[in-house]
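One letter stands for each residue in the lines below.
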Amino acid sequence: MSTATQEPKPLSANETLKAASNHLRGRLAEELADTSTGAITEDSGQLTKFHGLYLQDDRDLRIALKKAGKEKAFSFMLRVRLPGGRASASQWLVLDKLADDVASPSLRLTTRQTFQFHGVLKGNVKKLIQGMHRALLDSIAACGDVNRNVMAPPNPERSPAAQEVFEHAKSWSEFALPKTRAYHEIYLDEELVAGGEPEREPMYGDTYLPRKFKTGFVLPPSNDVDVFSQDLGFIAVAEGGRLLGYNVTAGGGLGMSHGNAETYPRLADVLGFIEPGQVNKIGEAVITTQRDFGDRTNRKHARLKYTIQDRGVEWFKGEVEKRSGIKFQPARPFAFTTIEDPLGWHECVDGTWFYGLHILSGRIVDRDGWPMKTALREIAQIHSGDFRLTPSQNLTISGVAPGKKAEVDAILAKHGLHRENERSGMRLNALSCVALPTCGLALAESERALPDILEKFEAVLDENGLRHDAISIRVTGCPNGCARPYLGEIGLVGKAPNKYALYLGARYDGTRLNRLYSPSTTVEGAVEMLRPVIKRYALERQNGEGFGDFCDRAILPADATFHSIGTQAAA
Ligand code: SRM
Ligand code: SF4
């Protein structure tokens, strides 16, 4: 028996960096002011994430610039903090103009209900943040090792319970914001108060969380936010339109690395039921438990899902109860049936209407014959309500008075965009991550390849009379999982240029992960592999059986696993 005591593993480099950063300031102010380069240092790049900013470069230009001996085409991506995905019409106009003036000029709706700007040059970063600030918007904690943009059903006016859910999501988002004034000082020129109280982060501590942290609120029957993929989830329980409380979930997360079985997607466990007024206390206890027990030595093992997987859900639940002083009640029954965004016109309980508009990959830009950015600007100019970003990268034009509906319809029709919601069932249920050319981690195309992927599949669906069947397909350029591909009935996960791992068999409602069907194939190969599967689905499916359920029952071998450890939903 060895008597040697085990040396503690060294902390990951990010931990040292955070600790020495003076609450996320580092040398950012100096580096952002340095005009000799379009970049900032690697260390500063880790800190800007906490302020919603990522340093990127245009990967399409890398080789040519290298040959010419020039610096990479650096620019920043900025992600807005937008709990529940809500922006007023006047905020929309500000963001639209900022995209033109200081960014790429597109606006990108993300899978977590917010906006991203791409192509922001270093000299424009402050202009962008100051412009957003004037419109009461910020990008604090949109990225980084903190609680990020909180997701919630986008149109709470559909029921009084949904309205309460939205308010809780917003309140939790505010509660869990870091307290440092670094953002205000660096980008908004706020003066440092000399001799003031030393800055404290009461919930996060000086080194924040070991890794990113995500929260989603959901109101069954729609699991639009994919609640089981969130670190922390609140499943609303309502009766007769009244909110009774929440079933709390913890330990979801999707990122993994190809060929590393110690990383895996995991669906969250249900911890139990709480009263509506207990949300922030429970959330804080979940965060501080992860703060104190999450793995700070290995960032690939640092998400809450691994803390719970390693220590057990009962241990975790006990720790949260101890810290919050709240005992979980037994989970209440709940059932999800869909994830779909309601498209088209819908009336709300307050007498207003919203129009759900499908936007492929959430990319708002003007293209020949598809002037989406212009059309939405014109709508914002006449709109007295607001816009809601959905978890499926779509948009709703909300709070429309009945008398204004025709005006919205007319603007969409004038630009030829009135039939966007009449696309194939697969297209309306497609998600893709950004990937190339901006994402530094992309191994394959995703957003840019999606139209072609869909056309190829649509031809097969047409052959089998399935054009209008809702089949979810989710594509990413790498295994990090940004379009939640492991919850797609079809998941294509990039490995190399035109090489994807193909996953099948998730439940449409987001309560079961898919499983590996082919470790590596091209887009064309995936379509050919699925041609007979789609045909069999058309001929053999049981009444009401979704494509994912059919694949799970009839196509995937019984022993097909996600990975050696992948867990399934507890619900
Ligand atoms: Fe993501 C990293 C884009 C949702 C898991 N994600 C990135 C970065 C920032 C690349 C980087 O680190 O350099 C991507 C920027 C690309 C670009 O050029 O814009 C990026 N992620 C996105 C967005 C924009 C995808 C989209 O097309 O909508 C989504 C922005 C969400 C938001 O508004 O906050 C986005 N990312 C997600 C999701 C889905 C979700 O949260 O619902 C996931 C999977 C869920 C999860 O977190 O487990 C996700 N992104 C990751 C990971 C893997 C994390 C992990 O635990 O392993 C990374 C890489 C990392 O953190 O190291 C990553
Ligand atoms: Fe980039 Fe990968 Fe996320 Fe796609 S899934 S945006 S390629 S990190």
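Predicted model only: the values in this text are computed from it and were never measured. (Residues numbered from 1 in each chain as written. Chains lettered and ligands numbered in written order. Predicted model: local features only at pLDDT ≥ 70, side-chain atom pairs only at ≥ 80, totals over all residues. Heavy atoms only, no water.)

> Report on empty space enclosed by the protein, specifying residues and quantitative values.
The full count for this structure, using the stated rule, is 4 cavities of 30 Å³ or more. A volume near 130 Å³ is recorded for the largest cavity. Lining the largest cavity we find Ile 339, Glu 340, Asp 341, Leu 343, Ser 392, Asn 394, Leu 428, Asn 429, Ala 430, Leu 431 and Arg 474. When the residues that make up the lining of the largest cavity are grouped by side-chain class, the tally is 5 nonpolar, 3 polar and 3 charged. The volume enclosed by the second largest cavity comes to roughly 50 Å³. Tallied by class, residues from the lining of the second largest cavity come to 6 nonpolar, 2 polar and no charged. (1 Å grid on protein atoms, 1.4 Å probe; cavity = no way out; pocket = protein on both sides within 12 Å on 5 of 7 lines; lining within 4 Å. Points joined across faces, edges and corners; volume = space filled by probe spheres on them. Nonpolar A, V, L, I, M, F, W, Y, C, P; charged D, E, K, R; others polar.)

> If you had to explain the site of ligand 2 to someone new, which residues and values would you point to?
Neighbouring ligand 2 are Cys 433, Val 434, Ala 435, Cys 439, Leu 441, Ala 442, Thr 476, Gly 477, Cys 478, Asn 480, Gly 481 and Cys 482. When the residues that make up the shell around ligand 2 are grouped by side-chain class, the tally is 8 nonpolar, 4 polar and no charged. (Near = heavy atom within 4 Å.)

> Provide a residue-level description of the coordination of the iron atom of ligand 1, including the pertinent values.
Counting protein donors to the iron atom of ligand 1 gives just one, Cys 482 (SG), placed at 2.3 Å. Considering the arrangement of structural elements, one finds Cys 482 in the loop between strand E18 (473–476) and strand E19 (490–496). (Donors = N, O, S within 2.8 Å, 3.2 Å for Na, K, Ca; no water. Helix = DSSP H or I, 4+ residues; strand = E, 2+ residues; numbered from the N terminus.)

> Help me get a handle on helix H13 (residues 405–414), residues and values and all.
The set of residues buried in H13 consists of Lys 405, Val 408, Ile 411 and Leu 412. Projection of H13 onto a plane perpendicular to its axis shows the buried side chains occupying an angular sector of 130°, all on one side. Turned more than 90 degrees away from the buried face of H13 sit Ala 406 and Lys 414, all of them exposed. Contact partners of the buried residues in H13: strand E10 (344–347), strand E11 (353–357), helix H12 (372–382) and strand E16 (395–400). Following H13 by one or two positions, Gly 416 has its phi on the positive side, about 70°. (Buried < 20%, exposed > 50% of the residue type's maximum accessible area, 1.4 Å probe, protein only. Arc of directions from axis to C-beta. Contact = heavy atoms within 4.5 Å.)

> Lay out the pattern of salt bridges in plain terms, naming residues and giving numbers.
With the rule as written, the count across this model stands at 51 salt bridges. In this structure, Glu 30 engages Arg 27 in a salt bridge whose closest nitrogen and oxygen atoms are separated by 3.1 Å. Taking the relative accessible area as the measure of exposure, Arg 27 reaches 47% and is therefore partly exposed. Arg 541 serves as the salt-bridge partner of Asp 469, at 2.6 Å between the closest nitrogen and oxygen. Pair noted here: Asp 469 is in the loop between helix H15 (450–463) and E18 and Arg 541 is in the loop between helix H16 (523–540) and helix H17 (547–555), with a separation of 72 residues, a long-range link. (Salt bridge = Lys/Arg side-chain N within 4 Å of Asp/Glu carboxyl O.)

> Can you lay out the packing of helix H9 (residues 279–293) against helix H11 (residues 313–324) for me, pointing to particular residues and giving the numbers?
Packing of H9 against H11 brings their axes to within 8 Å, and their N-to-C directions diverge by 120°. The orientation of H9 relative to H11 falls into the category oblique. In this structure, H9 meets H11 at a crossing whose hand is right-handed. Where H9 approaches H11, its residues Lys 281, Ile 282, Ala 285, Val 286, Thr 288, Thr 289, Arg 291, Asp 292 and Phe 293 are matched on the opposing element by Trp 315, Phe 316, Glu 319, Val 320, Arg 323 and Ser 324. Residues belonging to the contact of H9 with H11 are distributed by class as follows: 7 nonpolar, 3 polar and 5 charged. (Axes fitted to C-alpha atoms, helices over the stretch in contact; angles between N-to-C directions. Parallel < 35°, antiparallel > 145°, perpendicular 65-115°, else oblique. Left-handed = near helix turned anticlockwise from the far one by under 90°.)

> Break down the site of ligand 1 for me, citing the residues and quoting the values.
Close to ligand 1 lie 29 residues; Thr 110, Leu 254, Thr 438, Cys 482 and Arg 484 are nearest. In this structure, Thr 111 approaches ligand 1 through a main-chain N or O atom, which is 2.9 Å from an oxygen atom. A distance of 2.8 Å separates an oxygen atom of ligand 1 from a polar side-chain atom of Arg 303. For the shell around ligand 1, the elements supplying multiple residues, two or more each, are strand E1 (53–57), strand E2 (74–79) and strand E5 (115–120). For the shell around ligand 1, the residue count by class is 8 nonpolar, 13 polar and 8 charged. (Polar contact = N/O pair within 3.5 Å; in protein donor to acceptor, adjacent residues only side chain to side chain.)

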